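# Chain and residue survey
In case you want the letters, here they are:
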Amino acid sequence: HVGYDNAAKIAKKAFADKFFAEHKNRFVNSSELAAASSLALGDYYLTQNKYDKANSAFKNARKNGRGTQLEDDAVFKIAVVQARLNRLENAFEQLSEFMDDYPDSDRRAEAYMTLAGMYYRSGKIDETLNAYDKAREQAPNLIIWNMESSNVIQVAFDMGTGVYTH
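Figured I'd write up the structure that's included with this text. (Residues numbered from 1 in each chain as written. Predicted model: local features only at pLDDT ≥ 70, side-chain atom pairs only at ≥ 80, totals over all residues. Heavy atoms only, no water.)

Turning next to the nonpolar core. In terms of nonpolar packing, the biggest core is built from 34 residues, with Leu46, Phe58, Leu95, Phe98, Leu115 and Met118 touching the most fellow members. Elements with a minimum of two residues in this core: helix H2 (31-47), helix H3 (51-64), helix H4 (70-84), helix H5 (88-101), helix H6 (108-121) and helix H7 (125-138). Sorting elements by how many residues they give to this core places H4 first, with 9 residues. (Core = buried A, V, L, I, M, F, W, Y, C linked by side-chain atoms within 4.5 Å. Buried < 20%, exposed > 50% of the residue type's maximum accessible area, 1.4 Å probe, protein only. Helix = DSSP H or I, 4+ residues; strand = E, 2+ residues; numbered from the N terminus.)

As structure tokens, this is what we get:
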């Protein structure tokens, strides 16, 4: 199965590269569509753990998406890449910029969950719980709140309570 899996990955990558190259060229006159294409390409690279390529695509999306609804997505995704690379200082900086510049973004709950994970990895328990609470405030009806985040459960045990009551 290993040979088949590798062949499938290579085929998917080749298809994705061709698809995005074709579509990006089609949308060169529309910065919003170019931004959408770059965001999609960045998302693909993110799922493949190709963080440098993802970061580059998201920066392109930000540049092309200035003044559009896609700009906040790009800024958020740049922060996610930084967090996944464990470049927490850069990620905190990007998320801070995101929170300041996009107060109405539909990504705010995700941003607070990302912050909660980063705070947890930094050993900042109170900040972890506060960020988690802010995420819940931003999106109280999401199904995720029916299942506590594994980081939050771990924080509760780290605090010795075994129960999240924040």
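The rest of the description comes next.
On to unusual backbone geometry. Even without glycine at this site, asparagine 49 takes up a positive phi of about 60°. The phi dihedral of asparagine 86 falls on the positive side, at around 65°, and the residue is not glycine. Checked against the element boundaries, asparagine 86 lands in the loop between H4 and H5.

This brings us to the packing of aromatic side chains. Using the criterion set out here, one finds 4 aromatic pairs in the structure. Aromatic pair phenylalanine 92 and tyrosine 119: ring centres 5.1 Å apart, planes at 35°, arrangement tilted. Placement of the pair is phenylalanine 92 in helix H5 and tyrosine 119 in helix H6, with a sequence separation of 27 residues. Among the aromatic side chains, those forming a connected cluster through ring pairs are Phe76, Phe98 and Tyr102. (Phe/Tyr/Trp six-rings, centres within 6.5 Å; stacked < 30°, edge-to-face > 60°.)

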